[in-house]
Each structure stands twice: as C-alpha cells, then as structure tokens.
Amino acid sequence: DGWVGRVHVGTTNTALTYQLPPILRRLRQEHPGIELLVTNMPTRDTLENIIQNRMDLGLVTLPVDDTHLRITPLRLEMLVAILPASTPDIPDLVTPEYAAQHSLVLEHGRGAVHALVMRWLAKQLPLPRTPMLMGTIEAMKKVGELDLGISIVPDVAVADPIPGVVVRPLDPPTACTLALIEHRSKPNEPALEIVRNALLELKAISDGAPAA
C-alpha cells in the first residue's frame, strides 16, 4: 500500500517552531508512505528516549555526551538577550552582572537553554530576584514585549524584528548548538534514512549549501 515505515522524532521547541516546518512539510508531501511522529520535549527527555530506543531521532541542544549516541552538530546558534525597548541605558553587550540586576524571564527548568543560561549566570548566583519561568520561547518574547523583564533566547528565535524589543549579544558569548542524535545501534531502515537525510539538510543550510 506504499507504506515505507514509521519514524518518531523528538525535538526542542525552538527547532520545531523556527527550523523544522519546511522540512516536515516536504517530507509529508514527498513521502506520504512514512508515518512521521514528532514530539516536542526537553533535550534531557529526548536523550533518555533515544538511549532506551523509544524514539528514533532527536534534535537537541548541545552539550550532549553519551557513548550510546551518534551526535551530529547541525547549526551553531548563539544565545542573545531580548530587552524591552523602554529599558533605560541599554548596553551594547549584556553581561551576567547586568542581567542579574533585572527581572529575568527564562525557559522552564528542564530545558537545555535554561541550563546554559544558569551556567552563564553562575557567578551571580543566587540571583537577587527569582526568575519567571516560561514553557515556550514565544511566551518569553511576549513577556519582553510587555516590559516584564529580560529574556535570553536562541538567536534564531529573534531573526525577525519584534516591536518594542531590543536584541543584544551576550558577553561572554554562549553557544546553543542544535544537533541530531540517534542510537549507535539503530538499524538503518528506509524510512529512517529518508527522515535522517531530511534533517541533515539543516547542517547543509548552516554550512552555506542550498537545501536539497
């Protein structure tokens, strides 16, 4: 009946929102015989599911280190600060010292970006104000628009201008590289190979090559 196989992909919210839509749309159009399941979950949950063979492929935020996994970095992304435009005397670079003096709006505690931000803020801990935690990058951006605090997000999430918000790089800079992971012992079935190659297009685009 044209059925090729079933592939379950775990992905970060950022990748699902900003990078995967055209790839998933093309997979659906060109390979209707693939049953494609996509689940949005934190990096640590995707790692566990891949290691336990409950999931086939994962898009995660580095760093990741496990001998069971084949890890392919795809896109080098950087964290940036987004501040309400009404913030007085916005610096050219946002430092941990500066960020700690303001109300912070951060990703939920299970997210990989949250861990990266807390490592960046390490010398300022404990923070003088408890951060607000949000479940999605879009919610964090909306809170910034409402002048409720400073958010720190991947640069891909603010590639398009946001009214009422100013974007600034971090100092020191902090990477949040997107990577593809799979179990080293995973059999290479036709459906899996098709989906894997489609996701690897993210690396080709990052390296400057046109998408296939």
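Residues numbered from 1 in each chain as written. Predicted model: local features only at pLDDT ≥ 70, side-chain atom pairs only at ≥ 80, totals over all residues. Heavy atoms only, no water.

**Q** Give a detailed account of unusual backbone geometry, specifying residues and quantitative values.
**A** Negative phi values dominate among residues other than glycine, just as trans dominates among peptide bonds. Omega for the peptide link from Leu125 to Pro126 comes to -5°, which places this bond in the cis form. Following the sequence through the fold, Pro126 ends up in the loop between helix 5 (112-120) and strand 7 (132-134). Across the junction of Asp171 and Pro172, the peptide omega takes the value 5°, indicating a cis bond. With phi around 55°, Asp89 is a residue other than glycine that occupies positive phi space. Relative to the elements of secondary structure, Asp89 occurs in the loop between strand 5 (79-84) and helix 4 (96-100). The class for Asp89 is exposed, based on a relative accessible area of 74%. Unlike most non-glycine residues, Asp147 shows phi in positive territory, near 65°. Given the relative accessible area of 44%, Asp147 is considered partly exposed. (Helix = DSSP H or I, 4+ residues; strand = E, 2+ residues; numbered from the N terminus. Buried < 20%, exposed > 50% of the residue type's maximum accessible area, 1.4 Å probe, protein only.)

**Q** Give me the lowdown on the sheet that holds strand 7, citing residues and values where you can.
**A** As summarised here, the arrangement of the 5 strands in space is 7-6-8-5-9, forming an open sheet in which the pairing is mixed. Looking along the sheet, the strands with just one partner apiece sit at the ends: strand 7 and strand 9 (165-169). Going from strand to strand, the sheet's axes swing by 30° on average, the running direction of each strand aside. Pairing geometry for strand 6 (residues 104-107) and strand 8 (residues 150-154), over 2 bridges, is parallel. Bridge pairing in strand 8 places Val105 opposite Ser151. Here helix 5 sits on the sheet and contacts strand 5, strand 6, strand 7 and strand 8; the angle it forms with strand 6, its principal contact strand, is near 135°. Across the sheet, helix 6 (residues 137-145) touches strand 5, strand 6, strand 7, strand 8 and strand 9, and the angle it forms with strand 8 is around 145°. (Pairing = 2+ DSSP bridges. Axes fitted to C-alpha atoms, helices over the stretch in contact; angles between N-to-C directions. Contact = heavy atoms within 4.5 Å.)

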